[in-house]
Amino acid sequence: MKQHIAIDGPAGAGKSTVARLLAWRLGYLYLDTGAFYRAVTLHFLELGLGKEDLERGEIARFLQSVRIDICPGDETRIFLNGRDVSRDIRTPEVDALVSYVAKAPEVRNFLREVQRRIALSRPSVVEGRDIGTVILPEADLKVFLTALPEVRARRRWRELALRGKKVDYKVVLKNVLERDSIDSQRSCAPLQQAQDAVVVDTSHLTVEEVVEKLYIMATEENHGGSCGCLFRVL
Ligand code: DC
């Protein structure tokens, strides 16, 4: 069995749903690292900070007043300075600012060690953008989940609608494309596929099909090759 599974990919590729179900099936810890960036973003929004303030590079000072705790479970519950913000971090306002927060090296350094420590504390399925490359480069299985931007935007739009948030689909698509561009072009730990990651395109797959695929990869023994093989029959 693979002990540490990294799932990376762009917004709306299905990472959260798939990672959560996979972790549940394996009996592993599920860690949603995006929630940490969202909690920091919510903190900045509550302080009245915007893009311009972040670009002015005053972030380190504001991070001093941030404490983040998580309560693992089917859904990672996340606490910002002792307050459960699991729902508040999923708003269009947070969506609009989070990529700007996530590109700040101060924020990434601040979150890297805590995410790594939690991920390594027990068998885990960890999802984000830099898991296979930065947070858990030693993961036993790395998966890069992707899907067409229109499919990802439709999924995000549906998710918001289910939560009673009526947003124009075109606005959601614009936000998805903008986040893709910022996340993959930032200089610090950009969204990129680890060299040893398996790419899975979820555009035309159901959640169950994706989970099944990953479950097989997570539970199969390594055969042949140089990785995890003590001897080979020639
Ligand atoms: O997965 P998500 O949509 O909740 O992520 C929110 C933002 O955080 C997204 O714009 C990218 C960023 N993020 C990141 O840079 N690195 C991670 N490991 C996880 C998320």
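Cut-offs and rules
The residue numbering used here restarts from 1 in each chain and proceeds along that chain's sequence as written. Two thresholds apply to this predicted model, a pLDDT of at least 70 for residue-level local features and 80 or more for giving and counting side-chain atom pairs, whereas whole-chain, interface and lining totals are computed over all residues. Processing note: side-chain calculations cover all non-hydrogen atoms of the structure and skip hydrogens and water entirely. Partly exposed describes any residue whose relative accessible area lies between the buried limit of under 20% and the exposed limit of over 50%, with all areas from a 1.4 Å probe on protein chains only and scaled to the type maximum. Helix and strand assignments come from DSSP, with helices taken as H or I runs of at least 4 residues and strands as E runs of at least 2, each series counted from the N terminus. Two strands pair under a simple rule: DSSP has to find at least two bridges between them. UniProt positions are given in the numbering used here, feature names are shortened, and annotations may be inferred rather than shown by experiment. Should any heavy atoms of two residues lie within 4.5 Å, those residues are considered in contact. Take the number of residues in a helix, subtract one, and multiply by 1.5 Å to get its expected span. Whether a residue is near a molecule or strand is decided by its heavy atoms; if any one of them lies within 4 Å of it, the residue is near. Pairing of N or O atoms within 3.5 Å defines a polar contact, subject to two protein rules: one partner must be a possible hydrogen donor and the other a possible acceptor, and residues neighboring in sequence count only if both atoms are side-chain atoms. Surface accessibility in these figures is a Shrake-Rupley result with a 1.4 Å probe; residues are shielded only by whichever protein chains are displayed. Under the scheme applied here, ten amino acids are nonpolar (Ala, Val, Leu, Ile, Met, Phe, Trp, Tyr, Cys and Pro), four are charged (Asp, Glu, Lys and Arg), and all others, including Gly, are polar. The criterion is simple. A nonpolar core is a set of buried Ala, Val, Leu, Ile, Met, Phe, Trp, Tyr and Cys residues joined through side-chain atoms within 4.5 Å. The term salt bridge refers to a pairing of a side-chain nitrogen on Lys or Arg with a carboxyl oxygen on Asp or Glu at a separation within 4 Å.

K.L.:
So what's going on with the pairing of strand β3 (residues 68–71)? Which residues, and what values?
P.N.:
Alternating residues of β3 divide into Ile68 and Ile70, all buried, and Asp69 and Cys71, none buried. Sheet topology places β3 next to strand β4 (residues 77–80); 4 bridges connect them, and they run antiparallel. Of the residues in β4, the one forming a bridge with Ile68 is Leu80.

K.L.:
I'd love a proper account of the UniProt feature "binding site: ATP" (unreviewed entry) in the chain, names of residues and values included.
P.N.:
Taking the UniProt record as the reference, the feature "binding site: ATP" (unreviewed entry) is found at Gly9, Pro10, Ala11, Gly12, Ala13, Gly14, Lys15, Ser16 and Thr17. Along the chain, Ala11 turns up in the loop between β1 (4–8) and α1 (15–26). Under the relative-accessibility criterion, Ala11 is labelled buried at 5%. Ignoring anything within four residues of it in the chain, the contact list for Ala11 reads Arg129, Arg152, Val176, Arg179 and Asp180. Checked against the element boundaries, Ser16 lands in helix α1. Beyond its immediate chain neighbours, meaning those up to four positions away, Ser16 contacts Tyr30 and Glu127.

K.L.:
Could you give an account of helix α10 (residues 207–219), naming the residues involved and the relevant values?
P.N.:
The terminal C-alpha atoms of α10 lie 18 Å apart, and with 13 residues this matches the ideal 18 Å at 1.5 Å per residue to within 8%. Buried-residue contacts for α10 involve β1, α1, β7 (141–146) and β8 (198–201).

K.L.:
Account for the site of the ligand, naming residues and giving values.
P.N.:
Among the 15 residues in the neighbourhood of the ligand, the closest are listed as Arg38, Arg108, Arg129, Asp130 and Arg186. Within the contact set of the ligand, an oxygen atom lies 2.9 Å away from a side-chain nitrogen or oxygen of Ser99. In this structure, an oxygen atom belonging to the ligand sits 3.2 Å away from a side-chain N or O atom of Asp183. Starting from 450 Å² of accessible surface for the ligand in isolation, the protein chains cover 96%. Contributing elements (two or more residues each) for the shell around the ligand: α2 (34–46), α5 (92–102) and α9 (169–185). Grouping the amino acids of the shell around the ligand by side-chain chemistry returns 3 nonpolar, 4 polar and 8 charged.

K.L.:
Pulling in residues and values, what's your account of the nonpolar core?
P.N.:
Counting 39 residues, the largest nonpolar core has Phe36, Val40, Phe44, Ile68, Ile78 and Val107 as the members making the most contacts within it. Of all the elements in the fold, those that place two or more residues in this core are β2 (29–32), α2, α4 (59–63), β3, β4, α5, α6 (105–120) and α7 (131–135). Looking at this core, the element that brings in the most residues is α2, giving 7 residues. With residues near it in sequence (within four places) discarded, Phe44 still touches Leu49, Leu54, Ile59, Phe62, Leu63 and Val101.

K.L.:
Lay out the pattern of salt bridges in plain terms, naming residues and giving numbers.
P.N.:
One pass over the structure, following the stated rule, counts 17 salt bridges. Taking the shortest distance from any N to any O, the salt bridge between Arg90 and Asp32 comes out at 2.9 Å. One end of the pair, Arg90, is in the loop between β5 (83–84) and α5; the other, Asp32, is in strand β2, with 58 residues separating them in the sequence. Among the ionic pairs, Glu113 bridges to Arg112, the shortest N-O distance being 3.6 Å. The exposure class assigned to Glu113 is partly exposed, which follows from its relative accessible area of 46%. Salt bridges here are not isolated pairs; linked through shared partners, they connect Arg38, Asp95, Arg156, Glu159 and Arg163.

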